[in-house]
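Structure at a glance
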Amino acid sequence: MSPDAVVRAWFKEVWDEGNEAAIDRLMAPDAIAHGLGSDELRGPGAFKPYVRVMRAALGDLEVEVVQTLTDGDRVAAHCHVVARHVGALFGAAATQRPVDFWGMTIVRVRDGKIVEIVERESSVARASSALLATPLSRSASITRRRFPSRSDASEPLILDELIWCESIPHPPGFVKA
């Protein structure tokens with residue numbers, strides 16, 4: 001499978017379908033994921049609990065891979081995520097509110113398996129901001145605006161595209177100089 005096909009299968013099978021077997025099939029045992037919390041996640045065994053928590057909190061989860069850009073073994077995936085906040089997440093009790101955000105993930109693939117995931121801090125920050133009254137402090141260098149929402153819970157909170165700032169560190173060796 002090409003790196004692009006691996007990444008598209010990852011989002012479809014792992015996130016849309018909740019297929020944990022796909023994590024074992026598509027992620028290398030020594031893979032590392034950056035930007036999904038305070039600690040790096042290493043290997044499928046560490047990634048599965050993360051997926052379980054996110055999928056339990058975000059019902060009707062749909063991740064659309066809008067576009068990808070591939071450069072050798074690296075794929076940048078621009079995704080649109082929609083869900084409903086049905087379980088506790090980021091310290092917030094379920095609100096039943098719609099969640100709608102855009103994110104960017106950079107993935108490195110070796111021999112048909114994901115070996116590195118760099119989640120743009122925006123995706124985690126955006127999901128948390130959609131659920132919490134205040135954004136995560138670690139996203140302070142990212143600009144965000146909120147659109148006014150009706151008091152009616154059917155109105156989604158939609159956030160502007162977040163902007164990379166030079167102060168956000170990239171993992172060593174991942175981004176070409």
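Residues numbered from 1 in each chain as written. Predicted model: local features only at pLDDT ≥ 70, side-chain atom pairs only at ≥ 80, totals over all residues. Heavy atoms only, no water.

1. Regarding the overall build of the protein chain
- Of the regular secondary structure elements, the protein chain holds four helices and seven strands.
- Helices and strands in the protein chain line up, N terminus first, as α-α-β-β-α-β-β-β-β-α-β.
- Here the protein chain holds 177 residues, and 46% of them are scored as buried.
- The long-range fraction of contacts in the protein chain, counting pairs at least 24 apart against all pairs at least 6 apart in sequence, stands at 56%.
- Total accessible area computed for the protein chain in this model is approximately 8,800 Å², and 56% of it derives from carbon and sulfur atoms. (Helix = DSSP H or I, 4+ residues; strand = E, 2+ residues; numbered from the N terminus. Buried < 20%, exposed > 50% of the residue type's maximum accessible area, 1.4 Å probe, protein only. Contact = heavy atoms within 4.5 Å. Areas by Shrake-Rupley, 256 points an atom, 1.4 Å probe, with all protein chains shown as cover.)

2. Considerations on unusual backbone geometry
- One non-glycine residue, Asp60, lies in positive phi territory at about 55°.
- Examined against the element boundaries, Asp60 turns out to sit in strand β3 (residues 58-71).
- Not every positive phi belongs to a glycine, and Gln96 is a case in point at roughly 65°.
- Topologically, Gln96 is positioned in the loop between β4 (74-85) and β5 (98-110).
- Take Gln96: its relative accessible area is 40%, and that puts it in the partly exposed class.

3. Section: the packing of aromatic side chains
- Overall, the coordinates contain four aromatic pairs when judged by the stated rule.
- Centroid distance Trp15 to Phe47: 6.2 Å. Interplanar angle 80°. Geometry classified as edge-to-face. Of this pair, Trp15 sits in helix α1 (residues 3-16) while Phe47 is found in helix α3 (residues 43-57), placing the two residues 32 residues apart along the sequence.
- Both rings, one in Trp15 and one in Tyr50, keep their centres 6.1 Å apart while their planes meet at 85°; by these two values the pair is edge-to-face. Taken together, the residues span a long stretch of sequence, with Trp15 in helix α1 and Tyr50 in helix α3 at a distance of 35 residues.
- Residue classification places Trp15 among the buried residues on the basis of a relative accessible area of 11%.
- Three or more aromatic residues link up through ring pairs in this structure, and these residues are Trp10, Trp15, Phe47 and Tyr50. (Phe/Tyr/Trp six-rings, centres within 6.5 Å; stacked < 30°, edge-to-face > 60°.)

4. Looking at the pairing of β3
- Pairing between β3 and β4: eleven bridges, direction antiparallel. The partner of Gly59 across the bridge, within β4, is Arg84.
- As consecutive antiparallel partners, β3 and β4 are separated by two residues, and within that stretch Gly72 has a phi angle of approximately 65°, a positive value. (Pairing = 2+ DSSP bridges.)

5. With respect to α1
- Given a rise of 1.5 Å per residue, 14 residues ought to cover 20 Å, and the 19 Å separating the end C-alpha atoms of α1 matches this to within 8%.
- Turning to α1, its buried residues number three or more, namely Val6, Val7, Ala9, Trp10, Phe11, Glu13, Val14 and Trp15.
- Two residues or fewer after α1 comes Gly18, characterised by a positive phi angle close to 70°. (Expected span 1.5 Å × (residues − 1).)

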